[in-house]
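Remarks on the overall topology
Listed below, chain by chain, are the residues.
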Amino acid sequence: MSIQFPNLGINLDYVGKSIQIFGFEITFFGLIIALGMLLGMGFVILEAKRCGEEKDSYLEMMIVSLLFGVAGARLLYVFCSWNLYKGNIAQIFNIRNGGLSFYGGLFGGILGAAIYCGVRRKSFMQMADTASMGIIIAQIIGRWGDFFNRESFGEYTNSIFAMQLPLSAVRSSEVTSAMRENLETIGGISYIQVHPAFLYESLWCLLLFLLMLVWKRKKRFQGEVFLRYLAGYGLGRFVIEYLRTDKLLIPGTSVGVSQLISAALFLICALVAAVEGTMAKKRAARRRRRREQDYEAQERAAREAEAEEYRDRIRLERAFADEKSGEVPEAYSGNAAFYEENPGDNPGDNPGENSEENSEEGEDSSAEENSNLEELDRSEEIPEEKSEAAPSSKEEPDEKLEKGSLENASQDENLAENEESEKTVESIDHASEETASAAKNPSFSEDDEWLYSKPRRFAKKPAGQQED
C-alpha cells in the first residue's frame, strides 16, 4: 500500500506493516519502538558517564522503568477502551495487536523509577533530568512507527504537509465526514488526505530535545530539565490532540484523555518549574552575595595584614636606625662602644670606669709603698754611717775609699729595689683591676671580653678560642 505527500511531491509506492522472520511476523511499529528505546537508553548511559554519574544505576533504573512503563501503557489503554475487553479478559495481555497509551507508559515508568530511587537511596530528580532526554529520543524515533501502522493522523487538510492514506488501510471509526467528502481517487484506489500528526509530534519532540540540551547545561536546580520536558511536551501534545481523530476518550465523555493529561502537565509542571526557578535564582543571589562578602572580608583581612606588616617593617627599620645612631638606650643594641660612651647607673655595667678607678687606687697604694720603702732605706743608712764614723783618723784615706764603694753599692741596691718595687706596683695594679672588676661584675671575665668588642648580634668568638 502506498503513502503519498502530494504537496511535497513525495510518493511512496509500497509501505509495509510487518516483516516475516522464520515464519514469525514482526511489525515495523514494534521494531521502530524498540530502536527508539535502545537509542534513548544508550544516550542516557553516555550522558551519565559524561556527567560522572553511575551509569550502572541508570541502566538498572531504566530496566525497572521499562517494565512498569509497558504495564502502565496497557492498563491506561484498557481503561479507556473497556468496552473492547470486558467480554474477553484474556485479550488484555495480548499486546501484539497494539493497544498502548503513551501517557500510561510515561506514568508507569516514572513510578518504577521513583520506587527504584527510593530503594537504592538515589536522587529521583537528578536521575530524571538525564533519563528524560532518553525518553524524548525514543519519542522522536518511535513516533515513526505510527507512519508504518497508518495511525496518529489528523483531520482533513490541504496544507503543504498533507498526507494521503488508502481508505482501506485505516480503521473506519477514525474516518470523519470531512475526509469522506474530500476523498482522492488515484489508480482506482480511494485516499483520504489528512494531517500527519505523528510527523508534527516527532518534529516537536526534536525541537524539545535541542532545548533540553541547553537546559541541561544551564539548570539551576535538580529536576528542572524533567519538569520542563513534561511541560513542553504537554503543551505540544495538547495542540496536536486537537487535530487527531483517533484519540482516546474518557469513558462516557467526549474529552480526550491525552488532551486532558497534557493540559494538566503543562499547567502543573510549568508552574512548579517557574517557582523552583525563582527560588533557585534567589538562592543563587544569596550565595553570590555571601561569596562577595567573604571575598571582601578576605581582601580586608589581607589589606590589614599587609598594613600591619608594613608598620612592623617601618618600626624595625627605625629601630635599626636608632641603634646605629645610639639614640635608644632602653634596649641593648649589641654595640659595646655605645655603652662605654653612655655609662649607666650600675657600676657593674661599665668595666672601663671600674678599671680606671682601680688603677688610681693601685697608684695611690704603690706610692705609699714606695715612700715606706724609702724610709726603711734611710733608717738602715743612718746606723751604718754612725758605725763607719768611729775608726781612727789614720785610716781616713782607706775609709774614704771604702765609703765611696759602699755608697756606690747602696745606690745599685736602691736602683734594683726601685725596679722591683715598680714591678710589684704594676702587679698590684693589675691584680687590683682584676679584683675590682670581678667584685663589681662577677659575670665579666677575660673569656667574655670579646663580647664587648663587637655588637652582640654579629659577635663571633675567634676560632682559636672556641670552646665546646
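Further up the page is the structure itself.
The written sequence of each chain sets the order in which its residues are numbered from 1. Two thresholds apply to this predicted model, a pLDDT of at least 70 for residue-level local features and 80 or more for giving and counting side-chain atom pairs, whereas whole-chain, interface and lining totals are computed over all residues. Excluding hydrogens and water, the side-chain figures rest on all heavy atoms present in the structure.

Counting from the N terminus, the helices are the DSSP runs of H or I reaching at least four residues and the strands are the DSSP runs of E reaching at least two. When its secondary structure is counted, the protein shows 13 helices and seven strands. For the protein, buried positions account for 31% of its 468 residues. We call two residues in contact when some of their heavy atoms are within 4.5 Å. Restricting to contacts in the protein with at least 6 residues of sequence separation, those with at least 24 account for 70%. Element-wise, carbon and sulfur atoms account for 57% of the exposed surface of the protein, whose accessible area totals about 29500 Å². Only protein chains enter the accessibility calculation, which uses a 1.4 Å probe; a residue whose area is less than 20% of its type maximum is buried, one above 50% is exposed, and one in between is partly exposed. Throughout, the Shrake-Rupley method with a 1.4 Å probe supplies accessible areas, and for residues the shown protein chains are the sole cover considered.

Attention shifts here to a nonpolar patch on the surface. Patch members must show over 30% relative accessible area and no salt bridge, and they are joined within 9 Å when carrying like charges or within 5 Å when they are nonpolar side chains of Val, Leu, Ile, Met, Phe, Trp or Tyr. Basic side-chain nitrogens of Lys or Arg form a salt bridge, by our definition, when they fall within 4 Å of a carboxyl oxygen of Asp or Glu. A surface patch of nonpolar side chains, about 650 Å² in accessible area, is lined by Leu59, Ile63, Leu67, Phe68, Leu111, Ile115 and Val119. Elements with a contribution of two residues or more to the nonpolar patch: helix H2 (55–80) and helix H4 (102–120). No other element matches H2, which puts four residues into the nonpolar patch. Locating Phe68 in the fold gives a position in helix H2. What makes Phe68 partly exposed here is its relative accessible area of 35%.

All right, on to unusual backbone geometry then. For Arg121, which is not glycine, the phi torsion reads 60° and is therefore positive. The residue Arg121 is located in the loop between H4 and helix H5 (124–142) in this model.

Moving on to the packing of H5 against helix H8 (residues 197–217). To get an axis, fit a line to the C-alpha atoms, keeping to the stretch in contact for a helix; angles then go from 0 to 180 degrees between the N-to-C directions. Packing of H5 against H8 brings their axes to within 9 Å, and their N-to-C directions diverge by 155°. As far as their axial angle goes, H8 and H5 are roughly antiparallel. Remark: the crossing between H5 and H8 carries left-handed chirality. Of the residues in H8, those in contact with Asp129, Thr130, Ser132, Met133, Ile136, Ile137, Gln139 and Ile140 of H5 are Glu201, Ser202, Cys205, Leu206, Leu208, Phe209, Met212, Leu213 and Lys216. Residue type decides the class: Asp, Glu, Lys and Arg count as charged, Ala, Val, Leu, Ile, Met, Phe, Trp, Tyr, Cys and Pro as nonpolar, and the leftover types, Gly among them, as polar. Residues that form the contact of H5 with H8 fall into these classes: ten nonpolar, four polar and three charged. These descriptions rest on fixed angle ranges, namely under 35 degrees for roughly parallel, over 145 for roughly antiparallel, 65 to 115 for roughly perpendicular, and the rest for oblique. Left-handed describes a crossing in which the near helix is turned anticlockwise from the far one by less than a right angle; the clockwise case is right-handed.

Before going further, it helps to examine a positive patch on the surface. A cluster of like positive charges, contributed by Lys282, Arg286, Arg287, Arg288, Arg289, Arg290 and Arg291, occupies part of the molecular surface. By the element assignment, Arg289 lies in helix H10 (residues 257–325). Under the relative-accessibility criterion, Arg289 is labelled partly exposed at 45%. Two residue types count as positive, namely Lys and Arg, and two as negative, namely Asp and Glu; His and chain ends fall outside the count. Here the site of a charge means NZ on Lys, CZ on Arg, CG on Asp, or CD on Glu.

Any two strands between which DSSP finds at least two bridges are classified as paired. Inspection of the sheet shows strand E5 (residues 163–166) paired to strand E7 (residues 189–194) by four bridges, in the antiparallel sense. Along E7, the bridge assignment pairs Leu165 with Ile192. Looking at chain direction, strand E6 (residues 184–186) and E7 are connected through three bridges and run antiparallel. Looking across to E7, one finds that Ile186 is bridged to Ile189. The antiparallel hairpin formed by E6 and E7 contains two residues in its connecting segment, where Gly187 sits at a positive phi of about 65°.

Helices are assigned an expected span. That span is 1.5 Å times one less than the residue count. Counted at 1.5 Å a residue, the expected span for H5 with its 19 residues is 27 Å, and the 25 Å between its end C-alpha atoms agrees. We define the bend at each residue as the angle formed by axes fitted to the 7 residues ending at it and the 7 residues starting at it. Most pronounced at Thr130, the bend in H5 amounts to some 30°. Burial runs high along H5: 14 of the 19 residues are buried. The backbone nitrogen of Gln126 lies 3.4 Å from a side-chain oxygen of the residue at the head of H5, namely Ser123. Two N or O atoms form a polar contact when they lie within 3.5 Å of each other; inside protein one atom must be a possible hydrogen donor and the other a possible acceptor, and for residues adjacent in sequence the pair counts only when both atoms belong to side chains.

Attention now goes to the pattern of salt bridges. Summed over all chains, the structure comprises 18 salt bridges. The partner of Glu308 in a salt bridge is Arg315, and the shortest N-O contact between them spans 3.6 Å. Relative accessible area serves as the criterion here: at 34%, Glu308 is assigned to the partly exposed category. Close ionic contact of Asp312 with Arg315 constitutes a salt bridge, the shortest N to O distance being 2.0 Å.

Before going further, it helps to spend a moment on the nonpolar core. Tyr103, Ile136, Met212 and Tyr229 are the most contacted members of the largest nonpolar core, which has 27 residues in total. If you list the elements that add at least two residues to this core, you get H2, H4, H5, H8, helix H9 (224–243) and H10. No other element matches H9, which puts seven residues into this core. Excluding residues that lie within four positions of it along the chain, Tyr103 makes contacts with Leu76, Tyr233, Gly234, Arg237, Ser258, Ile261, Ser262 and Leu265. Throughout, nonpolar core names a set of buried Ala, Val, Leu, Ile, Met, Phe, Trp, Tyr and Cys residues whose side chains join them through atoms within 4.5 Å.

Relative to the assigned elements, Thr130 resides in helix H5. Apart from the residues within four sequence positions on either side, Thr130 is in contact with Val44, Glu47, Ala48, Glu53, Tyr58 and Lys216.

Let's shift gears to H4. Each α-helix turn comprises 3.6 residues. Residues three or four places apart therefore point the same way. The end-to-end C-alpha separation of H4 is 27 Å, in line with the 27 Å expected for 19 residues at 1.5 Å each. Among the residues of H4, Tyr103, Gly104, Gly105, Leu106, Gly108, Gly109, Gly112, Ala113, Tyr116 and Cys117 are the ones counted as buried. If you follow the buried residues of H4, they end up packed against H2, H5, H9 and H10. Downstream of H4 by one or two residues, Arg121 has phi in the positive range, about 60°.

Structurally, Leu75 is set in helix H2. For the pair formed by Leu75 and Gly105, sequence separation is 30 residues and the distance between their alpha carbons is 8.9 Å.

Moving on, we come to the packing of H9 against H10. Running from amino to carboxyl end, H9 crosses H10 at an angle of 150°, the nearest separation of the two axes being 7 Å. For the crossing formed where H9 meets H10, the hand is left-handed. Along the contact surface, H9 presents Leu227, Leu230, Ala231, Gly234, Leu235, Arg237, Phe238, Glu241 and Tyr242, while H10 presents Ser258, Gln259, Ser262, Ala263, Leu265, Phe266, Cys269, Ala270, Val272 and Ala273.

Attention now goes to the packing of aromatic side chains. Here a Phe, Tyr or Trp ring, Trp counted by its six-membered ring, pairs with any other such ring whose centre lies within 6.5 Å, and the pair is stacked when the planes are under 30 degrees apart, edge-to-face when over 60, and tilted otherwise. Enumeration over the complete set of coordinates arrives at 15 aromatic pairs. Consider the rings of Tyr103 and Phe107, whose centres lie 6.0 Å apart with planes at 20°: the pair is stacked. One end of the pair, Tyr103, and the other, Phe107, are both in helix H4, four residues apart, so they sit about a helical turn from each other. Residue Phe107 is classed as partly exposed on the basis of its relative accessible area, which comes to 35%. Among the aromatic side chains, those forming a connected cluster through ring pairs are Phe28, Trp144, Phe147, Phe148 and Phe198. When the NZ atom of lysine or the CZ atom of arginine is within 6 Å of a ring's centre and also within 35 degrees of its normal, the charge is said to sit over that ring. The ring of Trp215 has Arg228 lying over it, and the distance from NZ or CZ to the ring centre is 5.2 Å.

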